[in-house]
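Residue-level listing of the chains:
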Amino acid sequence: MLENQELRKAGLKVTLPRVKILQILEGAEDKHMSAEDVYKALLEAEEDVGLATVYRVLTQFESAGLVVRHNFDGGHSVFELARGEHHDHMVCMESGDVIEFIDEIIEKRQYAIAEKHGFEIVDHNLVIYVRPKKKKKTAE
Ligand SMILES: [Zn+2]
């Protein structure tokens, strides 16, 4: 099984909860899940894994570099698999939805700004907090 290999590669022993949680993260439609989301998905799949275990395993995954944790404002931590390209996030303050985006101009500007101050970028993490745009009332 692919999950088993991935766990071993990350230096983790293969246990059932770890495999199940990795499967949930890989199969999820929403790439950004809180521990509660993972727990609910496990319940739906009729897997008997407690919430405390979910927290523990996600923290182990984070330490092993399998997942990245985001601490967005106004909510709990969300986790996503640590694969794929760099991207930034937009977080809806009303629904909690997380939208990924990448913008070449923003990327380039950040390098230029760091450079201007005599630095080079080690890492960056841009989060834009949003809410649904209100529809303008049309005058009659
Ligand atoms: Zn993301």
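This text goes with the structure placed above it.
Residues numbered from 1 in each chain as written. Predicted model: local features only at pLDDT ≥ 70, side-chain atom pairs only at ≥ 80, totals over all residues. Heavy atoms only, no water.

What about the coordination of the zinc ion?
Part 1: Around the zinc ion, the protein contributes the donor atoms H32 (NE2), E80 (OE), E80 (OE), H87 (NE2), H89 (NE2) and E100 (OE), at 2.1 to 2.6 Å from the metal centre.
Part 2: Its 6 donor atoms give the zinc ion angles of 53 to 162° at the centre, a pattern that matches the irregular case.
Part 3: One chain supplies every donor for the zinc ion, spaced along it as H-x47-E-x6-H-x1-H-x10-E. Note that H32 is positioned in the loop between α2 (16-27) and α3 (35-44) and H87 in the loop between β2 (78-81) and β3 (88-92), a separation of 55 residues in sequence. Note on accessibility: H32 and H87 belong to one class, buried. (Donors = N, O, S within 2.8 Å, 3.2 Å for Na, K, Ca; no water. Tetrahedral: all angles 85-135°; square planar, octahedral: opposite > 155°, others 65-115°. Helix = DSSP H or I, 4+ residues; strand = E, 2+ residues; numbered from the N terminus. Buried < 20%, exposed > 50% of the residue type's maximum accessible area, 1.4 Å probe, protein only.)

Topic: the sheet that holds strand β4 (residues 98-101)
Part 1: What the 3 strands build is an open sheet, ordered β4-β3-β5; its pairing is mixed. Across the chains shown, the open sheet's two edge strands, defined by having one partner strand only, are β4 and β5 (127-130). Along the sheet, successive strands turn relative to each other by an average axial angle of 25°, direction set aside. (Pairing = 2+ DSSP bridges. Axes fitted to C-alpha atoms, helices over the stretch in contact; angles between N-to-C directions.)

What to know about the nonpolar core
Part 1: The biggest cluster of nonpolar side chains holds 21 residues, and the ones touching the most others in it are I21, L25, V38, V54, L58 and F61.
Part 2: Elements with a minimum of two residues in this core: α2, α3, α4 (51-63) and β2.
Part 3: The element that contributes the greatest number of residues to this core is α2, accounting for 5 residues. (Core = buried A, V, L, I, M, F, W, Y, C linked by side-chain atoms within 4.5 Å.)

Considering α3
Part 1: All of the buried residues along α3 are A35, V38, A41 and L42. Each buried residue of α3 lies within a common arc of 125° when the element is viewed along its axis, so the set occupies one face.
Part 2: At the C-terminal side of α3, E46 shows a positive phi close to 55°. (Arc of directions from axis to C-beta.)

Some remarks on the pattern of salt bridges
Part 1: By the definition in use, this model includes 3 salt bridges.
Part 2: Here K20 and E47 are joined by a salt bridge, their closest N and O atoms 3.4 Å apart. Linking K20 in helix α2 with E47 in the loop between α3 and α4, this pair joins segments that are 27 residues apart in sequence.
Part 3: K20 gets classed as buried once you look at its relative accessible area, which sits at 19%.
Part 4: Owing to a relative accessible area of 24%, E47 belongs among the partly exposed residues under this scheme. (Salt bridge = Lys/Arg side-chain N within 4 Å of Asp/Glu carboxyl O.)

Overview of the packing of α2 against α3
Part 1: Relative orientation of the contacting elements α2 and α3 amounts to 105°, with a least axis distance of 10 Å. It follows that α2 is roughly perpendicular to α3 by the angle criterion. Each of K20, I21, I24 and L25 in α2 lies in contact with α3, whose residues at this interface are V38, A41 and L42.
Part 2: Across the contact of α2 with α3, the residue classes break down as 6 nonpolar, no polar and 1 charged. (Parallel < 35°, antiparallel > 145°, perpendicular 65-115°, else oblique. Contact = heavy atoms within 4.5 Å. Nonpolar A, V, L, I, M, F, W, Y, C, P; charged D, E, K, R; others polar.)

As for the side chain of S34
Part 1: Position of S34 relative to the elements: it lies in the loop between α2 and α3.
Part 2: Note on S34: relative accessible area 1%, which makes it buried.
Part 3: For S34, the contacting residues outside a window of four places in its chain are H76, S77 and V78.

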